[in-house]
Amino acid sequence: SMSVQHGDNTPTTTKGTTTNLKTIVIERCRDYIRTVPQMSSNNCDAIWEAFQNSFLGKDPCNVKVEDYDLFITTVQQDIPCNKSLFWSKTSQIAHDFAKATKCLMTLEDTLLGYMMDGLKWCGQQHSKELNYTSCPGWIECEFNPVRSFWRRASAHFAELACGNVLVMLNGSIDTPFNKQSIFGSVEIKRFDSEKINYISIRVIDSLQDRVSCNSMSLEDLGKILKNASLNFDCKDIDKSEVERCINDPIPYSCDCVN
Ligand code: AVW
């Protein structure tokens, strides 16, 4: 199976670095490479070292996206074509769908995303220690260690995408496609039309007869994809339909968003 359940190492909330960050990351890493086939070439201790070298000793408001480059290349994982699932403001349903149907994988189902999901971390200047007291919030300063990591990992995940890919957007909000989101600002720019055959945009609507695909927001997305020579279609799908596939997963469930 590609999706792995987090065990008892679920983090406790703190304002600074997650308590026991190192233990959690290394345990998750070992758990993942033990469970997922073809991951055994990875060394979780080396992965931890590369991770902490990305941000330790740095001002926590000045950790660049590129500071994670070496860490990203330390993690070895092939993402098969036709398996990538991107999402924006649909975290719960996208991850539930991926887990229940096992047809697709989100960034958080890859080793990189799985290790860091839900965690918080930062260092400080003039010290090689983790800061457990306080770390900047997501929007407090743009180049905080957590946000830069997710941007870097998302860019990587999008660059690897090939074949047919699925995007789940949220039709219950005014801008299902938000240019400021990671999907809209990072991932969409990294899609390679030489590798990607087709992008299925699925807008998950909670109200029946919504036509979010015809909205201004989706028109913006369409223009960007056309300009990048990426083939796509957009369909509105009832949330209840996706939930049915999640609650009663059968082999055909993979088709439930087609
Ligand atoms: P999202 P994206 N404060 O649902 O397209 C704290 O908007 O951006 O989807 N955390 C935040 C904030 C904030 N203001 N904004 C975003 N986040 C974090 C990677 C938070 O953890 C995957 F491959 C939230 O759950 C998807 O295709 C997450 O960012 C794509 O990027 C998603 O925000 C989803 O990023």
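Residues numbered from 1 in each chain as written. Predicted model: local features only at pLDDT ≥ 70, side-chain atom pairs only at ≥ 80, totals over all residues. Heavy atoms only, no water.

A few points about the sheet that holds strand S2 (residues 163-170)
To summarise the sheet geometry, strands pair through backbone hydrogen bonds and adopt either a parallel or an antiparallel arrangement.
Then step 1. Taken together, the four strands give an open sheet; going across it, the order is S1-S2-S3-S4, and neighbouring strands pair in parallel fashion. Each of the sheet's edge strands pairs with one partner strand only, and the pair in question is strand S1 (85-88) and strand S4 (232-238). Each strand of the sheet is rotated relative to its neighbour by a mean of 20°, with strand direction disregarded.
Then step 2. In this fold helix H8 (residues 216-227) packs onto S2, strand S3 (196-205) and S4, with an angle of close to 175° to the strand it touches most, S3. (Pairing = 2+ DSSP bridges. Helix = DSSP H or I, 4+ residues; strand = E, 2+ residues; numbered from the N terminus. Axes fitted to C-alpha atoms, helices over the stretch in contact; angles between N-to-C directions. Contact = heavy atoms within 4.5 Å.)

Side note on the pairing of S4
Two faces, one strand: in a regular strand the side chains alternate between the faces of the sheet.
Then step 1. In this structure, S3 lies alongside S4, joined through seven bridges in parallel fashion. Across the sheet, residue Ile199 finds its bridge partner in S4, namely Phe232.
Then step 2. Chirality of the crossover, the property in question, places the unit of S3, H8 and S4 among those that are right-handed. (Right-handed = clockwise from strand over helix to strand, strands pointing away.)

A word on unusual backbone geometry
Then step 1. A positive phi angle, near 60°, is found at Lys102, a position not held by glycine.
Then step 2. Along the chain, the position of Lys102 falls in the loop between helix H4 (91-101) and helix H5 (111-116).

Examining the site of the ligand
Then step 1. In the vicinity of the ligand, the contacting residues are Phe86, Trp87, Ser88, Lys89, Leu107, Trp138, Ile139, Ser154, Ser181, Ile182, Phe183 and Glu187.
Then step 2. Residue Ile182 places a main-chain N or O atom 2.8 Å away from an oxygen atom belonging to the ligand.
Then step 3. Between an oxygen atom of the ligand and a side-chain N or O atom of Glu187, the distance comes to 2.7 Å.
Then step 4. Expressed as a share of its isolated accessible area of 680 Å², the protein-covered part of the ligand is 68%.
Then step 5. Cavity membership is defined here by more than half of the atoms lying within 2 Å of grid points; on that basis the ligand lies in the largest pocket.
Then step 6. For the shell around the ligand, the elements supplying multiple residues, two or more each, are S1 and helix H7 (182-190).
Then step 7. Here the shell around the ligand is composed, by residue class, of seven nonpolar, three polar and two charged. (Near = heavy atom within 4 Å. Polar contact = N/O pair within 3.5 Å; in protein donor to acceptor, adjacent residues only side chain to side chain. Areas by Shrake-Rupley, 256 points an atom, 1.4 Å probe, with all protein chains shown as cover. 1 Å grid on protein atoms, 1.4 Å probe; cavity = no way out; pocket = protein on both sides within 12 Å on 5 of 7 lines; lining within 4 Å. Sits in = over half its atoms within 2 Å of the grid points. Nonpolar A, V, L, I, M, F, W, Y, C, P; charged D, E, K, R; others polar.)

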